[in-house]
Structures are given as C-alpha cells and as structure tokens.
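Examination of the molecular architecture
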Amino acid sequence: MLKIDNLKVNYGGIEAVKGISFDVPDNSIVTLIGANGAGKSTTLRTIAGIVEASGGIITYDGEDILHKKTHEIVGTGITLVPEGRRVFPDLTVLENIKIGAYLRKDDLSDDIAMVYDLFPRLKERNWQLAGTLSGGEQQMLAVARALMAKPKLIMMDEPSLGLAPIVVQGIFDIIKEIHKQGVTILLIEQNANMALKIADMAYVLETGSITMSGTGKELLADERVKKAYLGT
C-alpha cells in the first residue's frame, strides 16, 4: 500500500532522515521504534505532506505522493493522528469529530455513529469542550477525528504518550479494533513492548537511519532490542 524509498529529510543543515526505505503492506500494522530524535515523527509528517522531503520517493497505491499537499494526501486515504493529540480545545467533541470530515460532502451520520460506537465515552461527552477532556479522552477524540476521513491508512504518532497504564491498554485495544475493520496502521510508539506485540512488521530507527527490521515477534525476541528499548 505504502512504499518509502530512500527518503531524506533535512532541517537546515541537519539530515534528520538519512535515506530510509520500508514498506507498509495493505491491511497490516507496521511500527517504527527508536529513541527521541531518531526521525520517526519526521517520517510520518513527511508522508502526510506537513514536512518537505529533500529526496526519495513516497508511493501510495502506486501513485507518487511526495509533492502532494496535505489535504490532497488526506483525500487519497491517509490520515495522521499527531503526537500530543492536537484537539481543538474550544470546540466540542462533536465539532472536533466533524472537522475530521472537512473534505467530505456526503452525509456524516453513519460515521459519527460508528466512532461513537467505538468510543462510547465520547458520545457521553458529545457537547463537552475538548479542552476539558482527560488525556485519554483527548487521544480517543484525535483517533475518532482521523477516522472521519474514512482512511485506508491511518498513521499514529505516540498514541499512548503520557497516559496511565490502564488507559494505554484501552488505546491499544482500539488500535486492534480499527485494524480488524480493515484499516492499515503505521504506528510510532514509545511503548515498544506493546507496539511490537501487535505489529506485523517493525523497523528500528536510530539517528535517521533504519538499523534493524523484522516481524514484531522477531524484534521482541532480539537481545539488542530488549536491551535498548524494552528495558530487559
């Protein structure tokens, strides 16, 4: 579905992403793990058209999307759940959800019902301002908003960051449920243990380069990964 080939991204004179290549097969969960500053978020933001690449190719469903604008990339079926959730605090839950469908001209009622089925807590807080929600509820809202674009591929940047362990488990249950519904997922996650457990394929990024790759199970069992990212 998504193919990254020799992607390079520069920030001023710093090469943040150094010619990485990886694939995201249709209906898979792929995760990128690595330390802060490794280039993970930059990679997702470049795929989404937020950051400009300095070289390489990004192909989605056989089409080069490297130089498309962000709204055009959303229109092809890719959405991003950004790090830090980035909900609109002075808008209600429902208004935030509808913003995710800003490119759509069709009726939204069935999809609003769908996200409320997935996130019953958001339905209870339908008219509550997003800025008054808990961190876990804001994360649910960010995912619900992204789903309203009816994506075929959803990218998630650190969905469990700053959340209590019991809430983290709920977020991962939701990720698995979204995947069951046929959505392909590209995941960045600081909780490497949980990310690798659900990933079909995984890549380790270190200072802008991919240093290891394999199935989630393979990297979970790798001694280097255990020492560097799993704390064992």
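Okay, so let's go over this structure. (Residues numbered from 1 in each chain as written. Predicted model: local features only at pLDDT ≥ 70, side-chain atom pairs only at ≥ 80, totals over all residues. Heavy atoms only, no water.)

Attention now goes to the side chain of T31. In this structure, T31 sits in strand 3 (residues 29-33). Residue T31 is classed as buried on the basis of its relative accessible area of 0%. Within the structure, the side chain of T31 is placed 3.0 Å from the backbone oxygen of L187, a separation counted as a polar contact. Beyond its immediate chain neighbours, meaning those up to four positions away, T31 contacts L187, A195, L196, A199, M201, A202 and Y203. (Helix = DSSP H or I, 4+ residues; strand = E, 2+ residues; numbered from the N terminus. Buried < 20%, exposed > 50% of the residue type's maximum accessible area, 1.4 Å probe, protein only. Polar contact = N/O pair within 3.5 Å; in protein donor to acceptor, adjacent residues only side chain to side chain. Contact = heavy atoms within 4.5 Å.)

This part takes up the sheet that holds strand 9 (residues 201-206). Pairing is mixed across the open sheet formed by six strands, whose spatial order is 6-7-8-3-9-10. Strand pairing shows two members of the sheet lacking a second neighbour, strand 6 (78-81) and strand 10 (209-214), which therefore form its edges. For this sheet, the mean inter-axis angle between neighbouring strands, taken without regard to orientation, is 20°. In the sheet, strand 7 (residues 153-157) pairs with strand 8 (residues 184-188) via five bridges, with the strands oriented parallel. Counted as the bridge partner of I154 is I185 from strand 8. Helix 7 (residues 165-180) contacts strand 3, strand 7 and strand 8 of the sheet and is inclined by roughly 150° relative to strand 8. (Pairing = 2+ DSSP bridges. Axes fitted to C-alpha atoms, helices over the stretch in contact; angles between N-to-C directions.)

Right, let's get into unusual backbone geometry. Backbone phi values are negative for most residues with the exception of glycine, while trans is the configuration of most peptide bonds. Phi at N27 is positive, roughly 60°, even though this residue is not glycine. Summarising the element assignment, N27 is placed in the loop between strand 2 (14-24) and strand 3. Residue classification places N27 among the partly exposed residues on the basis of a relative accessible area of 41%. Backbone geometry at T207 places phi at a positive 45°, although glycine is not the residue there. By the secondary structure assignment, T207 is in the loop between strand 9 and strand 10. A relative accessible area of 57% means that T207 is categorised as exposed.

Right, let's get into the pattern of salt bridges. Under the defined criterion, the tally for this structure stands at eight salt bridges. Salt-bridge contacts for D61 lead to K152; the nearest nitrogen and oxygen are separated by 3.0 Å. Highlighted residues: D61 in the loop between strand 4 (55-60) and strand 5 (63-64) and K152 in the loop between helix 6 (135-147) and strand 7, separated in sequence by 91 residues. On the accessibility criterion, K152 (39% relative accessible area) is partly exposed. (Salt bridge = Lys/Arg side-chain N within 4 Å of Asp/Glu carboxyl O.)

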